[in-house]
Amino acid sequence: MSHDTTSLKLKKEVEAAEDFLPLLGTDYVELYVGNAKQAAHYYQSAWGFQPVAYAGLETGRKDSVSYVLQQDKIRIVLTSPLKEGGEINEHIEKHGDGVKVVALWVDDAAKSYEETTKRGAKSFMEPKTLEDKHGKVVLSGIHTYGETVHVFVERGDYEGAFMPGFKVWNPEYRPEPVGLKFIDHMVGNVGWNEMRKWCEFYAKVMGFAQLVSFDDKDISTDYTALMSKVMSNGNGRIKFPINEPAEGKKKSQIEEYIEFYNGAGVQHIALATDNIIETVSQLKSRGVEFLHVPDTYYDTVLDRVGKIDEDLKPLQELGILIDRDDEGYLLQLFTKPVLDRPTMFIEIIQRKGAKSFGKGNFKALFEAIEREQEMRGTL
Ligand code: FE2
């Protein structure tokens with residue numbers, strides 16, 4: 001079946017099933033990490049996330065600890081185990097630090113659970129209600145690729161710091177935010193020949209539609225190849241590109257990810273800013289490391305993307321990449337992996353009309369990634 005036929009089929013399925021899973025946005029992203037206290041310090045100091053809430057021994061939680069941090073609409077939860085054994089330790093041993101939960105904000109967590117499980121989703125958490133003096137939060141959850149899960153979060157008029165079981169975390173240490181606004185998209189890497197399966201999962205089980213499609217001819221270098229499709233929910237607030245490795249001359253970055261993560265998982269989180277020059281300047285001065293394309297990228301980039309509002313010089317100095325589609329252009333930059341293993345990284349993106357994901361930059365980027373892979377001996 002060609003890609004076109006597949007997308008038409010997906011489109012029809014989506015039209016038939018529209019609105020069974022209305023999503024209000026991303027509620028939070030939870031990472032299982034080896035040392036949540038130190039990871040929290042990193043996301044505060046380097047990334048400007050603000051402290052929000054805490055759960056641990058002091059709040060009556062005996063076996064794990066969680067820090068909740070937020071910057072504008074982006075909320076992250078960092079969780080570490082306090083004792084041996086158990087699901088969190090197993091996750092960290094297998095995957096290293098990584099995203100466990102992509103939580104989605106809904107009006108009705110029980111209905112979200114029912115609608116997705118009856119369409120074939122594997123249950124992670126049956127609907128449960130958490131209550132304290134600030135109100136109640138209803139949670140439910142389903143599995144997605146690898147050991148990653150989606151938790152549906154129904155907040156109603158809950159007025160506490162995060163959710164029942166957490167207390168306000170209010171330290172004096174509060175480095176300034178860096179201008180990050182919301183999660184633009186989150187990318188999953190899946191195994192060989194699994195991309196279509198997971199795109200169909202998002203179409204059938206969650207009512208998403210395919211946004212754009214490009215094949216491995218579009219994104220391959222001498223060494224690396226991958227295939228990618230972007231799935232989006234109805235209102236476009238949730239966008240999940242899915243990558244699978246494709247045959248190249250040497251090991252692709254997707255394969256490297258799958259090898260070190262021990263399976264499918266979240267490859268990168270793209271965070272939106274209104275001023276990428278300011279945001280990236282801040283991040284660099286706080287020690288965040290970005291991938292670098294060769295200076296020659298800037299010799300020809302304006303021939304490719306045409307006129308842009310920004311001066312090229314600061315973009316070049318910071319290594320910010322530019323791409324254009326039919327609706328406008330975008331500015332983007334990718335960090336090196338933010339964990340010990342060469343797995344997850346973060347993208348900074350500023351959209352100036354463009355709705356795509358920077359395909360025009362992939363070749364230059366892959367070559368930059370391959371230089372890093374070569375240093376790691378994993379190419
Ligand atoms: Fe991206």
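Predicted, not measured: the structure shown is a model, and the values here were computed from it.

**Considering the sheet that holds strand β6 (residues 123-132)**
No. 1: Read across the open sheet, the nine strands follow the order β6-β7-β8-β5-β1-β4-β3-β2-β9; overall the sheet is mixed. At either end of the open sheet lies a strand with only one pairing partner, and these are β6 and β9 (167-168).
No. 2: When strand β2 (residues 50-55) meets β9, the two strands line up antiparallel, connected through two bridges. In the sheet register, Y54 faces β9, and the bridge partner there is K167.

**Overview of the nonpolar core**
No. 1: Residues W47 and M206 are the most contacted members of the largest nonpolar core, which totals 90 residues.
No. 2: Here the element with the most residues in this core is helix α5 (residues 195-204); it accounts for six residues.
No. 3: Structurally, this core is a two-domain feature, drawing no fewer than three residues from each of domain 1 (25-168) and domain 2 (180-376).
No. 4: With sequence-adjacent residues up to four places away left out, W47 is seen in contact with Y42, Q71, V178, L180, L271, L283, R286, V288, T335, V338, I346 and I348.
No. 5: In this structure, A53, A55, V137 and L139 belong to the second largest nonpolar core, which totals 18 residues.

**As for helix α6 (residues 253-261)**
No. 1: All of the buried residues along α6 are Q253, I254, E256, Y257 and Y261. One face of α6 carries all of its buried residues, which in axial projection span an arc of 160 degrees.
No. 2: Where α6 begins, the capping side chain belongs to S252, and its oxygen is found 3.2 Å from the backbone nitrogen of I254.
No. 3: One or two residues past the end of α6 sits N262, with phi positive at roughly 60 degrees.

**Some thoughts on the coordination of the iron ion**
No. 1: The coordination sphere of the iron ion contains the protein donors H185 (NE2), H268 (NE2) and E347 (OE), at a distance range of 2.0 to 2.2 Å.
No. 2: For the iron ion, all donor residues lie on one chain, and their spacing in sequence is H-x82-H-x78-E. Separated by 83 residues along the polypeptide, H185 in strand β10 (residues 180-189) and H268 in strand β14 (residues 265-273) bring together distant segments of the chain. For the pair shown, H185 and H268 are each scored as buried.

**Structural notes on the pairing of strand β12 (residues 226-232)**
No. 1: Of all seven residues in β12, seven are buried; the element is thus mostly enclosed.
No. 2: Of the two faces of β12, both are covered, the one formed by L226, S228, V230 and S232 as well as the one formed by M227, K229 and M231.
No. 3: In the sheet, β12 pairs with strand β13 (residues 239-245) via seven bridges, with the strands oriented antiparallel. Note on β13: the bridge partner recorded for S228 is N243.
No. 4: With antiparallel pairing between neighbouring strands as the criterion, β12 and β13 make up a hairpin whose turn holds six residues, including G236 at a positive phi of roughly 75 degrees.

**Here's the deal with the packing of aromatic side chains**
The way to describe two aromatic rings as a pair is by their centre distance and the angle between their planes.
No. 1: In total, this model carries 15 aromatic pairs according to the counting rule given.
No. 2: Where F162 meets F166, the ring centres are 4.9 Å apart and the plane angle is 85 degrees; that geometry is what we call edge-to-face. One exposure class covers both F162 and F166, and it is buried.
No. 3: When the ring of F201 is compared with that of Y202, the centres are 5.1 Å apart and the planes differ by 85 degrees; the resulting orientation is edge-to-face. Here F201 and Y202 have matching classes, each one buried.

**Section: the domain arrangement of the protein chain**
No. 1: Segmenting the protein chain into domains produces domain 1 (25-168) and domain 2 (180-376).
No. 2: Contacts between the two partners involve 41 residues from domain 1, matched on the other side by 36 residues from domain 2.
No. 3: Between domain 1 and domain 2, the buried area comes to about 3,000 Å², and carbon and sulfur atoms account for 67% of it.
No. 4: Together, W47, I74 and Y145 form the three largest contributors to the area buried by domain 1 at its contact with domain 2, with a combined 25%.
No. 5: Here domain 1 and domain 2 share one salt bridge between them.
No. 6: Of the charged contacts in the structure, one is a salt bridge between D72 and K181, with a shortest N-O distance of 3.9 Å.
No. 7: Our enumeration of links across domain 1 and domain 2 arrives at 11 residue pairs in polar contact (both at pLDDT 80 or more).
No. 8: Classifying every residue of the side of domain 1 that touches domain 2 by side-chain character gives 16 nonpolar, 17 polar and eight charged.

Here is what the cut-offs are and how they apply
- Residues numbered from 1 in each chain as written.
- Predicted model: local features only at pLDDT ≥ 70, side-chain atom pairs only at ≥ 80, totals over all residues.
- Heavy atoms only, no water.
- Pairing = 2+ DSSP bridges.
- Helix = DSSP H or I, 4+ residues; strand = E, 2+ residues; numbered from the N terminus.
- Core = buried A, V, L, I, M, F, W, Y, C linked by side-chain atoms within 4.5 Å.
- Buried < 20%, exposed > 50% of the residue type's maximum accessible area, 1.4 Å probe, protein only.
- Domains from an automatic or database assignment.
- Contact = heavy atoms within 4.5 Å.
- Arc of directions from axis to C-beta.
- Polar contact = N/O pair within 3.5 Å; in protein donor to acceptor, adjacent residues only side chain to side chain.
- Donors = N, O, S within 2.8 Å, 3.2 Å for Na, K, Ca; no water.
- Phe/Tyr/Trp six-rings, centres within 6.5 Å; stacked < 30°, edge-to-face > 60°.
- Buried area = accessible area lost by both parts, 1.4 Å probe.
- Salt bridge = Lys/Arg side-chain N within 4 Å of Asp/Glu carboxyl O.
- Nonpolar A, V, L, I, M, F, W, Y, C, P; charged D, E, K, R; others polar.

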